[in-house]
Amino acid sequence: MGIEIENSHKYNSILMQKILIIGGGIAGLTCAHLLTRNGWEVEIWDKLSHSSPTLIINDVTRYLLQDIWQLETDFWYDFHLLTSRRVAWGNDGGVLSMAEPNAVINGNLLSNRLWTHLLEKYHDQVQFQELSLSIDNLGDLQHEFAWIIDAGGRQSAIAQKLGSGHRYAFGDRCILSQEVQLTNFAQEDIYWIETVPEGWLFLAPLGNKKAILQAMVPLILGETSDLLAILIKQTRYIQNYIAELSASIAIFAAFPQILRPLSGNKHLAVGDAAFSVDPISGDGTGYAMRGAILATSVIDAIASGLTSSDCLQHYTLRLEKAFDAHLQQCLEYYLKGFTSSLWQREIERMQKARKLWNPTKNENFTHTLKDFQLVKLEKSGKIA
Ligand SMILES: Cc1cc2nc3c(=O)[nH]c(=O)nc-3n(C[C@H](O)[C@H](O)[C@H](O)COP(=O)(O)OP(=O)(O)OC[C@H]3O[C@@H](n4cnc5c(N)ncnc54)[C@H](O)[C@@H]3O)c2cc1C
């Protein structure tokens, strides 16, 4: 069942106030969709030179996407579906098998489809410019727009510059990604995660005997193709499913990062620009969408009279708690999975950066989301 969302008229007073969104990935587009639905005008600037990784989207995130965007179920008709995963993690030799439905999606294709959907519904409230905003050109933008949303992904420095902030990095690790041809042993609805001494590998079928292979390593030593070949050879299971490697290998930075501060009086960082997670979570898209829901509810709440500093503080607290739980999960996985000196160094970097970052821990939430609207809580924890 879809989430019922009131197409509220109470924001009519804010109609015509424009919000600038930097970045047309999942975070930026979801912000644009939610804001236009509530009466805001938005302008999206994107440099359109972005190559997104292949995304595995779990069912929780898929249904969230479907509900928020009110997508028909046939939206997914040509995406490959996976039914379960096999995990061989650490040295105990066992393979954990679990049912876990997922859709495999090309990130750029997903953004294109959502963009088309946005234009079909709200073309009179959305403007798009193919433009790469440089931090040297922020100039008077804050006077021109009611808000600036930085949804420019993990390398964006817009919100960082606007808030004179700092981006905390939790390690150095990166992902090598390559398309492969599968052998006849591979089942095309099962994906694999497997550790070897120097990293973990992830193999997700794409349909038609193809798959995406990703390998996480703490450091790239030597030629990437040699390194990948060594890692594959060390696997007990994954190597049996790979018939052939394709030509090109893409490299992605994959260590978690978070910005501080995450917002200012007239700007917010959303999605990977706010924080980006280690792909081990398998849910970067879900984090980006939930961040977009919260960010837009904060903007709406402030416009409807809630105290700006309280709403922004709630935004920070929510995001920092979610990110810290993710770091904790990464540490548990990596401590269990790896003993090599390179991984020990990577784990120490994560631990040190976490201490330095020092998230707000014991504060209680003062607000909550009710039907996508941010509402204040009383001291008792009830909605005010
Ligand atoms: C290797 C790897 C594998 C991953 N696998 C998965 C997965 O399987 N499942 C999953 O859910 N998540 C996965 N993720 C995470 C997921 O890709 C991200 O969390 C998600 O795409 C974040 O969306 P976003 O909109 O915040 O940023 P992005 O998708 O990065 O979009 C940012 C947009 O901003 C634009 N932009 C940037 N700077 C500027 C500028 N200055 N001016 C104008 N435009 C600008 C870019 O062109 C881009 O379109 C993976 C990430 C990596 C690195």
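What counts as what
Residues numbered from 1 in each chain as written. Predicted model: local features only at pLDDT ≥ 70, side-chain atom pairs only at ≥ 80, totals over all residues. Helix = DSSP H or I, 4+ residues; strand = E, 2+ residues; numbered from the N terminus. Rg over C-alpha atoms; globule rule 2.2 N^0.38 Å. Buried ≥ 20, exposed ≤ 12 C-beta atoms within 10 Å, placed from the backbone. Contact = placed C-beta atoms within 7 Å. pLDDT = per-residue confidence, 0-100. Near = placed C-beta within 6 Å. Nonpolar A, V, L, I, M, F, W, Y, C, P; charged D, E, K, R; others polar. Domains from an automatic or database assignment. Pairing = 2+ DSSP bridges. Expected span 1.5 Å × (residues − 1). Arc of directions from axis to C-beta. Axes fitted to C-alpha atoms, helices over the stretch in contact; angles between N-to-C directions. Left-handed = near helix turned anticlockwise from the far one by under 90°. Core = buried A, V, L, I, M, F, W, Y, C linked by C-beta atoms within 7 Å.

Thoughts on the overall build of the protein
When you go through the protein residue by residue, the secondary structure sums to nine helices and 20 strands. Radius of gyration (C-alpha) of the protein: 21 Å, near the 21 Å computed for a compact globule of 384 residues. The buried share of the protein, reckoned over its 384 residues, is 39%. Within the protein, counting contacts between residues at least 6 apart in sequence, those at least 24 apart form 73% of the total.

Overview of the confidence of the model for the protein
Across the protein, the average pLDDT comes to 91, with 95% of residues at 70 or higher. Considering only residues more than four positions removed or in separate chains, one finds that residues 1-16, a stretch of pLDDT under 50, has 17 contacts.

Structural notes on the site of the ligand
Taken together, 38 residues lie around the ligand, and Gly23, Gly25, Gly153, Gly271 and Gly284 are the ones closest in. Contributing elements (two or more residues each) for the shell around the ligand: helix H1 (26-37), strand S2 (41-46), strand S3 (54-58), strand S9 (174-182) and helix H7 (284-303). Split by residue class, the shell around the ligand holds 17 nonpolar, 17 polar and four charged. When residues of the shell around the ligand are assigned to domains, at least three map to each of domain 1 (12-80 + 103-170 + 257-365) and domain 2 (174-253).

Considering the sheet that holds S2
Spatial ordering of the open sheet is given by S6-S2-S1-S7-S17-S16, a layout of six strands whose pairing is mixed. Each edge of the sheet is formed by a strand with only one pairing partner; in this case those strands are strand S6 (126-130) and strand S16 (263-264). Sheet analysis places strand S1 (residues 18-22) next to S2, joined by five bridges and oriented parallel. Counted as the bridge partner of Ile19 is Val42 from S2.

Focus on the domain arrangement of the protein
The domains assigned to the protein are domain 1 (12-80 + 103-170 + 257-365) and domain 2 (174-253). For domain 1 versus domain 2, the separation of C-alpha centres amounts to 28 Å. Element by element, the count of residues in the side of domain 1 that touches domain 2 is highest for helix H9 (residues 341-357), at four residues. Of the residues that constitute the side of domain 1 that touches domain 2, the class distribution is six nonpolar, four polar and three charged.

Notes on unusual backbone geometry
With omega at 0°, the peptide bond leading from Arg260 into Pro261 counts as cis. Within the secondary structure, Pro261 sits in the loop between strand S15 (257-260) and S16. Despite not being glycine, Ser164 shows a phi value in the positive range, around 45°. Here Ser164 is to be found in the loop between helix H5 (158-162) and strand S8 (166-169).

Here's the deal with H9
With 17 residues, H9 extends 24 Å from end C-alpha to end C-alpha; this agrees with the ideal 24 Å at 1.5 Å per step. Buried within H9 are the following residues: Trp343, Glu346 and Met350. Each buried residue of H9 sits inside an arc of 60° when the element is viewed along its axis, so together they form one side. Exposed side chains of H9 directed beyond 90 degrees from the buried face belong to Ser341, Glu348, Lys352, Lys355 and Leu356.

Things to note about the packing of H1 against H7
Relative orientation and spacing of two packed helices are given, respectively, by the angle between their axes and the distance between those axes. Where H1 meets H7, the axes come as close as 8 Å, and the angle between the chain directions of the two elements is 35°. Crossing handedness for the pair H1 and H7: right-handed. Here Ile26, Ala27, Thr30, Cys31, Leu34 and Leu35 of H1 come into contact with H7, specifically with Thr285, Ala288, Met289, Gly291, Ala292, Ile293, Ala295, Thr296 and Ile299. Its residues assigned to classes, the contact of H1 with H7 shows eleven nonpolar, four polar and no charged.

Concerning the environment of Ser281
In this structure, Ser281 sits in the loop between strand S18 (275-276) and H7. Judged by the 14 C-beta atoms lying within 10 Å of it, Ser281 is partly exposed. Remark: the alpha-carbon pair of Ser281 and Gln329, spanning 48 residues in sequence, is separated by 8.4 Å.

Examining the sheet that holds S15
The sheet built from three strands is open, its strands ordered S8-S15-S18 with antiparallel pairing. Strands with a single pairing partner mark the edges of an open sheet, and in this sheet they are S8 and S18. As defined by bridge partners, S15 adjoins S18 across two bridges and the pair is classed as antiparallel. In the strand pairing of S18, Ile258 is matched with Phe275.

A short note on the nonpolar core
Core analysis: the largest hydrophobic core is formed by 93 residues, its most contacted members being Ile21, Cys31, Ile149, Leu203, Val270, Ala295 and Val298. Top contributing element to this core by residue count: H7, with ten residues. Setting aside anything within four residues of it in sequence, one finds Val298 in contact with Leu268, Cys311, Leu312, Tyr315 and Leu374.

Description of the environment of Ala27
Following the sequence through the fold, Ala27 ends up in helix H1. Under the C-beta neighbour-count criterion, Ala27 is labelled buried, with 30 such atoms within 10 Å. Placed 304 residues apart in sequence, Ala27 and Leu331 show a C-alpha to C-alpha distance of 26 Å. Not counting chain neighbours up to four residues away, the residues in contact with Ala27 comprise Ala151, Val270, Gly271, Asp272, Ala288, Gly291 and Ala292.

Focus: the environment of Lys210
In this fold, Lys210 is placed in strand S12 (residues 210-217). Placed 45 residues apart in sequence, Lys210 and Gly165 show a C-alpha to C-alpha distance of 42 Å. The contacts of Lys210, once residues within four sequence positions are left out, are Glu179, Gln181 and Leu182.

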